[in-house]
Amino acid sequence: MNPSIREQFPILHQEINGHPLVYLDSAATSQKPRAVIEAVKHYYEYENSNVHRGVHTLGSRATDAYEGAREKVAKFINARRTQEIIFTRGTTTALNLVASSYARANCKEGDEIVITQMEHHSNLIPWQQVAKETGATLKYIPLQPDGHIELSDVEKTITNNTKIVAIAYVSNVMGLVHPVKQIAEIAHRNGAVIVVDGAQSTPHMKVDVQDLDCDFYALSGHKMCGPTGIGALYGKKALLESMEPVEFGGEMIDDVGLYESNWKELPWKFEGGTPIIAGAVGLGAAIDFLEEIGMDEIAHHEGVLAAYATERLSEIDGLTIYGPAKRHVGVVTFNLGDVHPHDVATVLDASGVAIRAGHHCCQPLMRWLEVSSTARASFYLYNNEQDVDRLVSALIQTKEYFGDAT
């Protein structure tokens, strides 16, 4: 990866506790390049207005910028049409929209919703709620000892009673890339739809929703160099047209009477109220930034970095790495002996190294791993091998600090 890319992220050029910052928490949120920051700033300084309503110049500029961002999202994940892109606050809101609208209307007692124990809470709790309200049954695809999924287990778990399969393309804990395309084929063969949590995949690899043949795909802007509070739901047009909106108000209506109302066409029927305009502009700028670098280049860089990190971390006695020996996404989850992950993260922060510690919104997976929490280092396009070396050095110091506990 070109070293100049790192220079485009202003936040990285600072010291934390007297040490140059090493940011290894991109799975939680990525940092923002100057191009995204400037795009949002430019919007507020020159284009700020509400969209779709005003006929004045600022209104037209804002509308063009907002809908232009939608077109960029559609192209970025290869949706068939821009109407299939619904702007949301992020992956969580997008998944809840599918659960609240599509699932509640299409699930009943005796139906099955298939997920995994590896899901982020945002792709688990909504399906728990749907099951409670409709009488549907939650089923879990078994995990292999290293966390990966065997397609033979998928075949056994999905049946003719399955209505929804919901799965993350990439695990936010294990860094596993699931065979979503093959799982989609099995789901469709059994008459089910597949919902893909793309929070951890969209920033790190080329995504083609048509090739995956997924029915719904959710993503977050803040994990892919964009602003917080903006994301998108992709849905196949026929499915979205069959769904009812879950938020009601201005902008999503076509005609309002005293006792009845009807909705606008896609995608606006799901975007009630003033939308997240500046966020969409920033997301569009983030997509431009990522595409200029190239998603294949980003994926290759992360794969090399993940392999190097796994190799270096394996050299530390008493450190346990969870997940597969070989990983393609820059997420490495570990524990250092009996030292609590929060203590590990605190000591690392004293050395300017930022990692994540906790259950990572994956408590069922933590129980499956037989731990309460873990430490997690996650890498992105602005990280390099020197960052990994700083992490390893800080962990060795942590090990020495806690002595017998490791």
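Remember, it's a predicted structure, so these values are computed and weren't measured experimentally.

## Digging into the packing of helix α10 (residues 295–313) against helix α13 (residues 385–402)
Running from N to C, α10 and α13 cross one another at 20°; their axes reach a closest spacing of 10 Å. Taken together, the axes of α10 and α13 lie roughly parallel to each other. Considering only the axes of α10 and α13, their crossing is right-handed. Of the residues in α13, those in contact with Leu305, Tyr308, Ala309, Arg312 and Leu313 of α10 are Glu385, Val388, Asp389, Leu391, Val392 and Leu395. Taken together, the residues of the contact of α10 with α13 sort by class into eight nonpolar, no polar and three charged.

## Remarks on the packing of helix α1 (residues 34–47) against helix α9 (residues 277–293)
Contact geometry for α1 and α9: axes closest at 8 Å, N-to-C directions at 145°. As for how α1 packs across α9, the hand of that crossing is right-handed. On α9, the residues touching Ala35, Val36, Ala39, Val40, Tyr43 and Tyr44 of α1 are Ile277, Ala278, Val281, Gly282, Ala285 and Ala286. Across the contact of α1 with α9, the residue classes tally to 11 nonpolar, one polar and no charged.

## Side note on α9
The α-helix advances 3.6 residues per turn, and as a result positions three or four apart in sequence lie on the same side. With 17 residues, α9 extends 25 Å from end C-alpha to end C-alpha; this agrees with the ideal 24 Å at 1.5 Å per step. Backbone geometry just after α9 places Gly294 at a positive phi near 105°.

## Looking at the UniProt feature "domain: Aminotransferase class V" (unreviewed entry) in the chain
Sequence positions flagged by UniProt for "domain: Aminotransferase class V" (unreviewed entry) are, in local numbering, residues 22–391. With 40% helix and 18% strand, the stretch residues 22–391 has end C-alpha atoms that lie 8 Å from each other.

## Here's the deal with the pattern of salt bridges
In total, this model carries 22 salt bridges according to the counting rule given. Two residues, Asp288 and Lys72, come together in a salt bridge whose shortest N-O distance is 2.7 Å. With a gap of 216 residues between them, Asp288 in helix α9 and Lys72 in helix α2 (residues 57–76) connect regions that are remote in the sequence. Assessed through its relative accessible area of 31%, Lys72 is described here as partly exposed. With a closest N to O distance of 2.7 Å, Glu241 and Lys237 form a salt bridge. Taken together, the positions of Glu241 and Lys237, both in helix α8 (residues 237–242) and four residues apart, correspond to about one turn of that helix. The partly exposed category is assigned to Glu241, whose relative accessible area is 44%.

## Looking at the sheet that holds strand β16 (residues 356–358)
What the four strands build is an open sheet, ordered β13-β14-β17-β16; its pairing is antiparallel. With one partner strand each, in any of the chains shown, β13 (319–322) and β16 form the two edges of the open sheet. Each strand of the sheet is rotated relative to its neighbour by a mean of 30°, with strand direction disregarded. Of the strand pairs in this sheet, strand β14 (residues 331–336) and strand β17 (residues 374–378) are connected by four bridges, and their pairing is antiparallel. Bridging across to β17, Phe334 finds its partner in Ala375. Taken strand by strand, α10 contacts β13 and β14, and its axis lies near 10° from that of β14. Of the strands in this sheet, β14, β16 and β17 are in contact with helix α11 (residues 341–350), which crosses β16 at around 160°.

Thresholds, definitions, all that
Residues numbered from 1 in each chain as written. Predicted model: local features only at pLDDT ≥ 70, side-chain atom pairs only at ≥ 80, totals over all residues. Heavy atoms only, no water. Axes fitted to C-alpha atoms, helices over the stretch in contact; angles between N-to-C directions. Helix = DSSP H or I, 4+ residues; strand = E, 2+ residues; numbered from the N terminus. Parallel < 35°, antiparallel > 145°, perpendicular 65-115°, else oblique. Left-handed = near helix turned anticlockwise from the far one by under 90°. Contact = heavy atoms within 4.5 Å. Nonpolar A, V, L, I, M, F, W, Y, C, P; charged D, E, K, R; others polar. Expected span 1.5 Å × (residues − 1). UniProt positions renumbered as here; feature names shortened; annotations may be inferred. Salt bridge = Lys/Arg side-chain N within 4 Å of Asp/Glu carboxyl O. Buried < 20%, exposed > 50% of the residue type's maximum accessible area, 1.4 Å probe, protein only. Pairing = 2+ DSSP bridges.

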